Every structure is written in C-alpha cells, then in structure tokens.
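Tertiary structure, described
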Amino acid sequence: MKNIGLLFLIAFIFFFLGQILWIIGLILEDPLFGNKYLEEWTINIFFTSCSIFGMVAGFRLYNQKEKAENS
C-alpha cells in the first residue's frame, strides 16, 4: 500500500507543478523559458507524467482490492 500512496503522491506533485507553470504562463503573457514551444512541452510533460503515475497507481490499487476480495 505504501508504493501505491507514493505513486499517487508523485502524480499529485506532477499535477501541482503543471498547474503552477500553467498559471504563471497565463499571468506573465511572455513565455516562461523564452520560448512558447518549450513552455507548452514542459507543461504537457508534467500533465502527462501525472496521468501515467495516476493510472499506474489506480491499476495497482484495483488489483490489490481484487486480490483481497478473492482471498
């Protein structure tokens, strides 16, 4: 269960960082890293990482619950 909690925590951190960068990008109007393309890819990578870690954690949690119910 600790591994699943860690995966959800990592997913939350990636989501939080993506949100922070997105909000700062909206407020500043200028690209964060001097290049709009790089800014969009960075934010995209954070949200994609969040999705992947969240999906893996959810899948492991589901498997653990199924295993407990079948025992």
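What you see is a predicted model, and the numbers here were worked out from it, not measured in a lab.

**Description of the overall build of the chain**
- Secondary structure summary: the chain contains 2 helices and 0 strands in total.
- Relative to its length of 71 residues, the chain is extended, with a C-alpha radius of gyration of 16 Å against a globular reference of 11 Å.
- Here the C-alpha coordinates of the chain stretch approximately 55 × 15 × 15 Å along the principal axes.
- Buried positions account for 18% of the 71 residues belonging to the chain.
- Here the contacts in the chain between residues at least 6 apart in sequence split such that 72% fall between residues at least 24 apart.

**Thoughts on helix H2 (residues 36–70)**
- Here H2 spans 51 Å end to end across 35 residues, near enough to the 51 Å set by a 1.5 Å rise per residue.
- Contacts from the buried residues of H2 go to helix H1 (2–28).
- Capping of H2 at its N-terminal end is provided by Asn 35; its side-chain oxygen lies 3.0 Å from the backbone amide nitrogen of Tyr 37.

**A short note on the packing of aromatic side chains**
- For the coordinates displayed, the defined rule picks out 5 aromatic pairs.
- Here the aromatic rings of Phe 14 and Phe 53 are separated by 5.6 Å at their centres, their planes lie at 25 degrees, and the arrangement is stacked. Of this pair, Phe 14 sits in helix H1 while Phe 53 sits in helix H2, placing them 39 residues apart in sequence.
- By relative accessible area, which is 23% here, Phe 14 ends up partly exposed.
- Taken together, a centroid distance of 6.3 Å and an interplanar angle of 65 degrees make the contact between Tyr 37 and Trp 41 edge-to-face. Residue Tyr 37 and its partner Trp 41 are both found in helix H2; the two are separated by 4 residues, about one turn of the helix.
- A relative accessible area of 56% means that Tyr 37 is categorised as exposed.

Conventions we followed
Residues numbered from 1 in each chain as written. Predicted model: local features only at pLDDT ≥ 70, side-chain atom pairs only at ≥ 80, totals over all residues. Heavy atoms only, no water. Helix = DSSP H or I, 4+ residues; strand = E, 2+ residues; numbered from the N terminus. Rg over C-alpha atoms; globule rule 2.2 N^0.38 Å. Buried < 20%, exposed > 50% of the residue type's maximum accessible area, 1.4 Å probe, protein only. Contact = heavy atoms within 4.5 Å. Expected span 1.5 Å × (residues − 1). Polar contact = N/O pair within 3.5 Å; in protein donor to acceptor, adjacent residues only side chain to side chain. Phe/Tyr/Trp six-rings, centres within 6.5 Å; stacked < 30°, edge-to-face > 60°.

Geometric values such as these leave the question of function open.
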